[in-house]
Amino acid sequence: MITPDRGGCAAGGEEAEDGMAVSDTQPSAETHSLEDLVEKAWEGKIRVPHFQRDFRWSSKDVVRLFDSISRGYPIGTLLFWVRRSPVSEVSLGNLTVSAEASDAAWWVVDGQQRIVSLANALDPSGHKTKPFDVYYDLAEEQFVPAPRKLEPKHIPLPVLFDLEKLIEWFSPGNQGPPEYFKPARAIAKRILEYRIPTYLVAQEDRKILTDIFDRMNNFGKRLSRAEVFSALYAGDEPPTRTSSRLTQISQRLAESTHFGRIDDDTVLSCLLARRGPDITRDPHGEFDATRSRVNGEFADEDEQTAHDETERAMAAAVRFVQAHCETPHFSFLPYRALLAVLTRFFAHFPDPHPRHRDLLRRFFWRASFTGPAAFSGSFTLFARKLAGMVVPGSELQSVSQLLEAVGQQRTKTVSVEAFKTNSASTKILLCSWWSLRPRSPFTGDLYTVNDLASALGDDVTPRSAVEELIQPSSLPSDLRGSAAIRILLPSVEDPVNEAALALIRPYGGLSIREWDEVLVSHCMTREAATYLQWDNTAEFVDNRQRTIDANLNVFGDRMAEWKREDAPPLSSFLFHDMD
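Now for a description of the structure that goes with this document.

Observations concerning the pairing of strand S8 (residues 102-110)
With two bridges joining them, strand S4 (residues 46-47) and S8 adopt parallel strand pairing. Bridged to arginine 47 within S8 is tryptophan 107. Where strand S5 (residues 78-85) lies against S8, six bridges are found, and the strand directions are antiparallel. Across the sheet, residue valine 82 finds its bridge partner in S8, namely tryptophan 106.

What about the side chain of serine 482?
In this fold, serine 482 is placed in the loop between strand S13 (466-468) and strand S14 (486-488). When neighbours within four sequence positions are excluded, serine 482 is seen to be in contact with Val416, Glu417, Phe419, Val541 and Gln545.

Let's talk about the nonpolar core
Counting 97 residues, the largest nonpolar core has Phe363 and Trp365 as the members making the most contacts within it. A total of eight residues in this core trace back to one element, the largest contributor, which is helix H12 (residues 337-348). In this view, tryptophan 365 contacts Cys325, Thr327, Pro334, Ile428, Cys431, Phe555, Met559 and Ala560; residues no more than four positions away in its chain are not counted. In this structure, Leu65, Phe66, Leu95 and Leu200 belong to the second largest nonpolar core, which totals 48 residues.

Examining the sheet that holds strand S11 (residues 154-156)
Spatially, the three strands line up as an open sheet ordered S10-S9-S11, and their pairing is antiparallel. A strand with exactly one partner marks an edge of an open sheet, and here the two such strands are strand S10 (142-145) and S11. For this sheet the average axis-to-axis angle between neighbouring strands, irrespective of direction, equals 40 degrees. As judged from the four bridges shared by strand S9 (residues 134-137) and S10, these two strands associate in the antiparallel manner. By the bridge assignment for S10, aspartate 137 is matched with glutamine 142. Of the strands in this sheet, S9 and S10 are in contact with helix H2 (residues 59-71), which crosses S10 at around 165 degrees.

Things to note about unusual backbone geometry
In the segment running from lysine 130 into proline 131, the intervening peptide bond is cis, with an omega of -5 degrees. Tracing the backbone shows proline 131 in the loop between helix H3 (112-121) and S9. The residue histidine 258 is not glycine, and still its phi comes out positive at about 60 degrees. Checked against the element boundaries, histidine 258 lands in the loop between helix H9 (245-257) and helix H10 (264-275). For histidine 258, a relative accessible area of 30% corresponds to the partly exposed category.

Observations regarding the pattern of salt bridges
This model, assessed by the stated rule, comprises 26 salt bridges. Between glutamate 561 and arginine 362 there is a salt bridge, with its nearest N and O atoms 2.6 Å apart. With glutamate 561 in the segment after helix H21 (537-560) and arginine 362 in helix H13 (residues 354-370), this residue pair connects regions lying 199 residues apart in the sequence. Grouping residues by exposure puts glutamate 561 and arginine 362 together as buried. A salt bridge links arginine 564 to glutamate 561, with the shortest nitrogen-to-oxygen separation between them at 3.3 Å. In the salt-bridge network here, residues are joined through shared partners; they are Asp358, Arg361, Arg362, Arg366, Glu561, Arg564 and Asp566.

Concerning the pairing of strand S7 (residues 95-99)
With burial as the criterion, only one face of S7 is covered, namely that bearing Leu95, Val97 and Ala99; the residues Thr96 and Ser98 on the opposite face remain uncovered. Bridging between strand S6 (residues 88-92) and S7 involves five bridges; their strand directions are antiparallel. Bridge pairing in S7 links glutamate 89 to serine 98.

Reading the values: the criteria
- Residues numbered from 1 in each chain as written.
- Predicted model: local features only at pLDDT ≥ 70, side-chain atom pairs only at ≥ 80, totals over all residues.
- Heavy atoms only, no water.
- Pairing = 2+ DSSP bridges.
- Helix = DSSP H or I, 4+ residues; strand = E, 2+ residues; numbered from the N terminus.
- Contact = heavy atoms within 4.5 Å.
- Core = buried A, V, L, I, M, F, W, Y, C linked by side-chain atoms within 4.5 Å.
- Buried < 20%, exposed > 50% of the residue type's maximum accessible area, 1.4 Å probe, protein only.
- Axes fitted to C-alpha atoms, helices over the stretch in contact; angles between N-to-C directions.
- Salt bridge = Lys/Arg side-chain N within 4 Å of Asp/Glu carboxyl O.

Shown next as structure tokens:
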């Protein structure tokens, strides 16, 4: 129970001798069962203030949370703001709950990622999509993200959380192998009985609450620039919780372009780049004329206009990257700063000359191959200097300066021996694979941008669209990181774990010609397929790496056009009659 201190003053609290405000309500420390907290969330008794950061955990984070719970490890305390709250539609991750009015609703101050993960992963509806689609592997005795191929050993978390469903799952004729019932019941019991330390603060003064929020988030991991920006311009609590404006921009762009979920920090960088050349400036006071350092660009526009125009310019930049730079998805983008630079360009020049589009494509790929190394290895300088090359009012000068800034010499070597999906080098490699228009080894059909977007969901790396043809653990250490043992398979329908079998010979009803087209679309030769069939690993890796290297060089030369003259369009020259 929460009990106000005796002698407390009005909602704002009393003042201590040192002049600092003192809250008139001390927090109560309690422990609650996980089951109790999840039930409260499902009933709408737990809410998320709109100034909180949006949910940003990955499947790996959710898996780790449940692993800790099953082991009895502490997962940290939760902090709630207890206050009177009206009828509302409460959004928690994928869940929307119709909440009744309450005199003591719990608003999450610290612990949003954990509460949202628990409420969604344990709910049959919330469990359906990433990152909440976590299963317990009964054979391996571990929690795992949704496998591409579900087997009887994989039990969904909502079943573990409901004892009746658990018993039914293992009843005769159903999918649960009987020998796994006892270990499954033991894991279910640990989850249901797990207890979490909880602080409850009853305080009506919103300023004190936001001060607590700020301090809690700065004891550990600091808020990102986008989270600070969104909190600063959040306004009053709306009737229903909505995502930040930055997140809404990303969501709409993902729906209209299938480019994937652009993180809020990148969207903020695009907004700042559009409004001024210093992409790295502090977002505090961005719309305060007395503090803003935008130097006159779009200085008179309001916040809503700034967000709307940023979205328009970002959409143009995304479509340019997809159509002209053959970079299909945000997770394939070698450097996120390039999207901000292009957003600035398209904000000032929404319909550039076709020749300038070609030159801009050269810039994009030369910058991708060169990277921050061109600016003393500093990513901050890389982003700020390139954005500064875009000069309002001069499309020709902007394109020329961008090209000049990155140079015309290829200085970066893309390694095919160190495949890491979060590295710029691997993302360049994946774009070169995508340029081959990969086909399904099972049907021969072309994979589309929509297929890629569906396979990746909200993932920030392209890992979910990449399959291993050979298990790295079975290889010598010097071959485990090779790109040659991996393949781009953006599908949610194909049995992708059988890709190796489909590549060594025509699959199903594919003709020899169709099979050859599939091999070429995945940087493979018939010779490599034969090596794969007979487990000649070293020969397979050597053969395919040479094919991958050759394709990468062709792709780089075609996109960056290193040796071509960067001449502007003829229309930019002024010709005079000669005497």
